[in-house]
Amino acid sequence: MLSLRIILYSFVVSIMLFITTIVLPDYLGFNERISRWIFIITIFVIFLTFKEKWWIKVISAFLGLLFFIVYIVLFVP
């Protein structure tokens, strides 16, 4: 059950990172600074609302970064 939560949080982090770094600036014309702050505030709120231990959040953040790199390699030409 714990590993499922870590993977779920990792996918949330990676999808938010993908949306705010690729989709918003390139396709919707958002400024990079606004996009960065949207990501920071959203992830901060998500991590504050989840009542997990701190090490689960750290692991999910690192795995989310790895999933984001996989998204970049697979989906961005």
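To keep things clear, this report deals only with the structure shown in the data block.

What counts and how
- Residues numbered from 1 in each chain as written.
- Predicted model: local features only at pLDDT ≥ 70, side-chain atom pairs only at ≥ 80, totals over all residues.
- Heavy atoms only, no water.
- Helix = DSSP H or I, 4+ residues; strand = E, 2+ residues; numbered from the N terminus.
- Areas by Shrake-Rupley, 256 points an atom, 1.4 Å probe, with all protein chains shown as cover.
- Patch = residues over 30% accessible without salt bridge, like charges linked within 9 Å, V, L, I, M, F, W, Y side chains within 5 Å.
- Salt bridge = Lys/Arg side-chain N within 4 Å of Asp/Glu carboxyl O.
- Buried < 20%, exposed > 50% of the residue type's maximum accessible area, 1.4 Å probe, protein only.
- Axes fitted to C-alpha atoms, helices over the stretch in contact; angles between N-to-C directions.
- Parallel < 35°, antiparallel > 145°, perpendicular 65-115°, else oblique.
- Left-handed = near helix turned anticlockwise from the far one by under 90°.
- Contact = heavy atoms within 4.5 Å.
- Nonpolar A, V, L, I, M, F, W, Y, C, P; charged D, E, K, R; others polar.
- Phe/Tyr/Trp six-rings, centres within 6.5 Å; stacked < 30°, edge-to-face > 60°.

**Describing the overall build of the chain**
Counting secondary structure elements, the chain contains three helices and zero strands. Scanning the chain from its N terminus toward the C terminus, one meets helices and strands in the order α-α-α. Dimensions of the chain along its principal axes, counting C-alpha atoms only, are 40 × 25 × 15 Å. Per element, the accessible surface of the chain, about 5600 Å² overall, is 78% carbon and sulfur.

**Looking at a nonpolar patch on the surface**
Taken together, the side chains of L65, L66, I69, V70, V73, L74, F75 and V76 make up a nonpolar region of the molecular surface, amounting to roughly 760 Å² of accessible area. Positionally, L74 belongs in helix α3 (residues 54-75). Since its relative accessible area comes to 58%, L74 is described here as exposed.

**A word on the packing of helix α1 (residues 2-27) against α3**
Interhelical geometry of α1 versus α3 gives an angle of 50 degrees and a closest axis separation of 7 Å. When the axis of α1 is compared with that of α3, the two are oblique. Of the two possible hands of crossing, α1 and α3 adopt the one that is right-handed. Along its contact with α1, which presents L2, I6, Y9, S10, F11, V13, S14, I15, L17, F18, T21 and I22, the element α3 presents W55, I56, I59, S60, A61, L63, G64, L65, F67, F68, Y71 and I72. A per-class count over the contact of α1 with α3 returns 19 nonpolar, five polar and no charged.

**Here's the deal with the packing of aromatic side chains**
Enumeration over the complete set of coordinates arrives at three aromatic pairs. Arranged with centres 4.6 Å apart and planes meeting at 15 degrees, the rings of F11 and F67 form a pair that is stacked. Here F67 lies in helix α3 and F11 lies in helix α1, a separation of 56 residues in the sequence.

**A few points about the pattern of salt bridges**
Applying the stated rule across the entire model yields one salt bridge. For R5, the salt bridge goes to E52, with nearest N and O atoms at 2.9 Å. A residue pair is termed long-range when its members are at least 10 positions apart, and R5 in helix α1 and E52 in the loop between α2 (32-49) and α3 qualify at 47 residues. Assessed through its relative accessible area of 31%, R5 is described here as partly exposed. On the basis of relative accessibility, which here comes to 19%, the residue E52 falls in the buried class.

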